[in-house]
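# Understanding the architecture of this molecule
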Amino acid sequence: MPRPIGWLSSVSAAGIENIAPYSQWQNLTFDPPMVMFSANQYPDGRRKDTVLNAEETGWFVWNMATYDLREAVNLSAMALPPEESEFDRLNVTREYADNARIPMVKESPVKFECRYLSTHRLKGNSPVGTIDIVFARVEKIHIDDRFITREGKIDIPAIKPIARLGYFDYTVVKDVFEMRVPGADADARFGLEGRAAG
């Protein structure tokens, strides 16, 4: 089934900028907004640069991966040495977050500035099966005004986010339909499920 892509940009303590896609990414809650991603180790036991950068600097940025940006997302998945920046190989425009000098993809229509909270490590049956689960709090959200509807919602079909399937397969969100929980209030209709459940 589709998995949201965490297209995460970060910077090392030495100032090397990094961006990479993670398909184990998810929102956790909304009050305050918190997110998580998990990153498998490399076969030789090295941890991913994004994890190390978040721990060292305290920040990373989630950039929404869209159909128009799919080639850059795929290219950024290359395993490069820590001293090389994926941004140098991508045809995207860098802009910088407000809370920390973390690069963001200007062409991405939605971006979260994420403050690092903690890492939880789970040991796998092999070095590559071992994961770091990183938790963060969203401190600022950037949304391109062109993709906000008159009702104040994000126009997902216009953005066309991509999501990861199995194998080398991806999918695109093009169709949206609404189902209202019986008795749901206005907050619930905007995705604030916690209030609806009471």
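These notes cover the structure that comes with them. (Residues numbered from 1 in each chain as written. Predicted model: local features only at pLDDT ≥ 70, side-chain atom pairs only at ≥ 80, totals over all residues. Heavy atoms only, no water.)

### Here's the deal with the nonpolar core
Generally speaking, soluble globular proteins have nonpolar side chains that are buried together. The line we're drawing: Here, nonpolar core means buried Ala, Val, Leu, Ile, Met, Phe, Trp, Tyr and Cys residues that are tied together by side-chain atoms lying within 4.5 Å of each other. A 1.4 Å probe rolled over the protein chains alone gives each residue an accessible area, and that area as a share of the maximum for its type sets the label: buried under 20%, exposed over 50%, partly exposed in between. Helix and strand definitions here come from DSSP, where helices need a minimum of 4 consecutive H or I residues and strands a minimum of 2 consecutive E residues; each element is numbered from the N-terminal end. Residue contacts follow a heavy-atom distance rule, with two residues in contact if any of their heavy atoms lie within 4.5 Å.
Core analysis: the largest hydrophobic core is formed by 20 residues, its most contacted members being W25, V35, F37, F60 and F112. Elements represented by at least two residues in this core include exactly strand 3 (17–22), strand 5 (33–40), helix 1 (49–57), strand 6 (59–63), strand 9 (110–122) and strand 10 (131–143). Dropping the residues within four chain positions of it, V35 is found in contact with W25, Q26, N27, L28, F60, F112, C114, V134, F135, A136 and V138. With 12 residues, the next largest nonpolar core counts W7, I19, L69 and L90 among its residues.

### A look at the pairing of strand 2 (residues 6–11)
Stated precisely, the cut-off is as follows: By this definition, two strands are paired if DSSP reports at least two bridges between them.
Counting buried positions along strand 2 yields 6 of 6 residues, so the element is predominantly enclosed. Of the two faces of strand 2, the one holding G6, L8 and S10 and the one holding W7, S9 and V11 are both buried throughout. Two elements, strand 2 and strand 3, share 6 bridges in a ladder whose sense is antiparallel. Residue pairing in the sheet places W7 in a bridge with P21 of strand 3. Two successive antiparallel strands, strand 2 and strand 3, enclose a turn made up of 5 residues, where G15 displays a positive phi of approximately 95 degrees. Inspection of the sheet shows strand 2 paired to strand 6 by 3 bridges, in the antiparallel sense. Pairing of S9 across the sheet is with V61, part of strand 6.

### A few points about the environment of D145
One can find D145 in the loop between strand 10 and helix 3 (156–159). Along the chain, D145 and V110 lie 35 residues apart, while their C-alpha atoms are 9.8 Å from each other.

### Details of the packing of aromatic side chains
Worth spelling out the cut-off: For Phe, Tyr and Trp, rings pair up if their centres lie within 6.5 Å, where Trp contributes its six-membered ring, and each pair is then called stacked (planes under 30 degrees apart), edge-to-face (over 60) or tilted (otherwise). Distance and angle both matter: a charge sits over a ring if NZ of Lys or CZ of Arg is within 6 Å of the ring centre and within 35 degrees of the ring normal.
Within this structure, the stated rule accounts for 4 aromatic pairs. Ring geometry for Y22 against F37: centres 5.1 Å apart, planes inclined by 50 degrees, an arrangement best described as tilted. Taken as a pair, Y22 in strand 3 and F37 in strand 5 lie far apart in primary sequence, 15 residues in all. Both residues of the pair, Y22 and F37, belong to the buried class. The interplanar angle of 80 degrees and the centroid separation of 5.4 Å between the aromatic rings of F37 and F60 together place this pair among those described as edge-to-face. Remark: F60 occurs in strand 6 and F37 occurs in strand 5; sequence separation between them is 23 residues. F60 matches F37 in its accessibility class, with the two residues each being buried. Looking at R46, its charged tip hangs above the ring of Y42, at a distance of 4.3 Å from the centre. It is R101 that lies over the ring of Y96; its NZ or CZ is 3.8 Å from the centre.

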